[in-house]
Amino acid sequence: MAATLSREVLDACGDLKSGQRHRYLLLRLSGEGRIEVESSGIGNDHGQLLQELPQTRCRWVLYDFTDTPRGGLALITWLPEQATIKERLLYTAATRLLRAELPGIDLTIEVEDRTELSYATLFTTT
């Protein structure tokens, strides 16, 4: 199944990059293969983002890092070990579509464990 990108994602990404509405977008792959916005967050509430990520399902996070030492727009692919292999493969393949269709992504991060999503890991340069 080839993934497609919803117009909603493109519009929300534009808002994210302009800094007007969102700090991050949580994206999911629907049963029909459409990449959709599941939720969004404002401000610096990193804890809220961690709470929204499902334990056993894959997701993407578009995160605006412009005011951190890392800087830029990041695409985080959340691939928890508890997710099915099929789902992990679908998300990994669709990540290429997101990179190609969403302009301005400066950094791509793939994580499998919540410890890799700690504030210190994400917001500092390595």
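Predicted model, so just to flag it, every value in this text is computed and none were measured.

Undergrad: Explanation requested: the overall build of the chain in the structure shown.
TA: On a plain count of helices and strands, the chain comes out with four helices and six strands. Start at the N end of the chain and walk to the C end: the helices and strands fall as β-α-β-β-α-β-β-α-β-α. In the chain, which comprises 126 residues, the share counted as buried stands at 45%. Taking the intrachain contacts of the chain between residues at least 6 apart in sequence as the baseline, contacts between residues at least 24 apart amount to 63%.

Undergrad: Just to check I follow, could you spell out the pattern of salt bridges for this structure?
TA: Should their charged atoms come close, side chains of opposite charge can pair. Inspection of every chain in the model, using the stated rule, returns five salt bridges. The closest approach of N and O atoms between Arg28 and Glu36, which form a salt bridge, is 3.0 Å. Arg28 gets classed as partly exposed once you look at its relative accessible area, which sits at 28%. Residue Glu87 pairs with Arg57 through a salt bridge whose shortest N-O separation is 3.0 Å.

Cut-offs and rules
Residues numbered from 1 in each chain as written. Predicted model: local features only at pLDDT ≥ 70, side-chain atom pairs only at ≥ 80, totals over all residues. Heavy atoms only, no water. Helix = DSSP H or I, 4+ residues; strand = E, 2+ residues; numbered from the N terminus. Buried < 20%, exposed > 50% of the residue type's maximum accessible area, 1.4 Å probe, protein only. Contact = heavy atoms within 4.5 Å. Salt bridge = Lys/Arg side-chain N within 4 Å of Asp/Glu carboxyl O.

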